[in-house]
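Examination of the molecular architecture
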Amino acid sequence: MELKRINDHVSVSGQIQPDDVKTLKDLGFVAIVNNRPDGESPDQPAGAEIEAAAKAAGLAYHAIPLGREGVSPDLVNATKAVLEGSDGKVFCFCRSGTRSTTLWALSQAGDVPADQIISQAAEAGYDMSHLAGYLGQN
């Protein structure tokens, strides 16, 4: 698991395993957001396995899968609700971290300056400059 810190509140990574959840708890995360649909890859654990590990560790778990249908306002709003409703650090994952970073970036639109969103994502290794036109909107 390669954690990439977006800011003090959010970190992302690629696919995690159920046994990574204890490490996330030990690192102070309070919630896990799964942005990967089940069944994308045969070696991927089911979301239910990660959810069970999260609940056993006392972490909140949220499934907000971003699949082939693409980004929707519902996905962005669900991400924003989780981030605003979590009292502590939130960990988001997908296959590579890009979808998680995209949903985080769009959930910040209108509340955080676009250049700050793009800069924070870039510092974590994700190029969100293609979203610049969307990031200044609510």
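What you see is a predicted model, and the numbers here were worked out from it, not measured in a lab.

The rules behind each value
Residues numbered from 1 in each chain as written. Predicted model: local features only at pLDDT ≥ 70, side-chain atom pairs only at ≥ 80, totals over all residues. Heavy atoms only, no water. Pairing = 2+ DSSP bridges. Helix = DSSP H or I, 4+ residues; strand = E, 2+ residues; numbered from the N terminus. Contact = heavy atoms within 4.5 Å. Axes fitted to C-alpha atoms, helices over the stretch in contact; angles between N-to-C directions. Expected span 1.5 Å × (residues − 1). Buried < 20%, exposed > 50% of the residue type's maximum accessible area, 1.4 Å probe, protein only. Arc of directions from axis to C-beta. Right-handed = clockwise from strand over helix to strand, strands pointing away.

A short note on the sheet that holds strand β4 (residues 60-63)
One open sheet accounts for 5 strands, arranged β1-β2-β5-β3-β4; its pairing is mixed. Edge strands, defined here as strands with exactly one partner in the open sheet, are β1 (4-5) and β4. Here β1 pairs with strand β2 (residues 10-13) via 2 bridges, running antiparallel. Looking at the pairing, K4 lines up with V12 of β2. Its contacts with the sheet place helix α2 (residues 47-57) against β3 (29-34), β4 and β5 (89-93), and it is angled at close to 160° to β4.

Considerations on helix α3 (residues 73-85)
The end-to-end C-alpha distance of α3, which contains 13 residues, comes to 18 Å, matching closely the 18 Å that a straight helix rising 1.5 Å per residue would cover. Looking only at α3, the buried set comprises L75, V76, T79, V82 and L83. Seen along its axis, α3 keeps its buried residues to an arc of 130°; they face one direction. α3 presents P73, D74, E84 and G85 as exposed residues on the side facing more than 90 degrees away from its buried surface. The secondary structure elements touched by the buried residues of α3 are β2, β3, β4, β5 and α4 (98-108).

Digging into the pairing of β3
The element β3 is largely enclosed, with a buried count of 5 among its 6 residues. Relative to β5, β3 runs parallel, the two being bridged by 5 bridges. Bridge assignment links I32 to a residue of β5, and that residue is F91. Bridge count between β3 and β4: 4 bridges; the pairing is parallel. Note on β4: the bridge partner recorded for I32 is Y61. For the crossover from β3 across α2 to β4, the handedness is right-handed.

As for α4
Within α4, 10 of the 11 residues are buried, which leaves it mostly tucked inside the rest of the structure. Regarding α4, the residues found buried are R99, S100, T101, T102, L103, W104, A105, L106, S107 and Q108. The elements touched by buried residues of α4 are β2, α3, β5, α5 (114-123) and α6 (132-135). Looking one or two places after α4, you find G110, whose phi comes out positive at around 90°.

Quick word on the side chain of T79
For T79, the location among the structural elements is in helix α3. Beyond its immediate stretch of four places on either side in the chain, T79 contacts I64, L103, W104 and S107.

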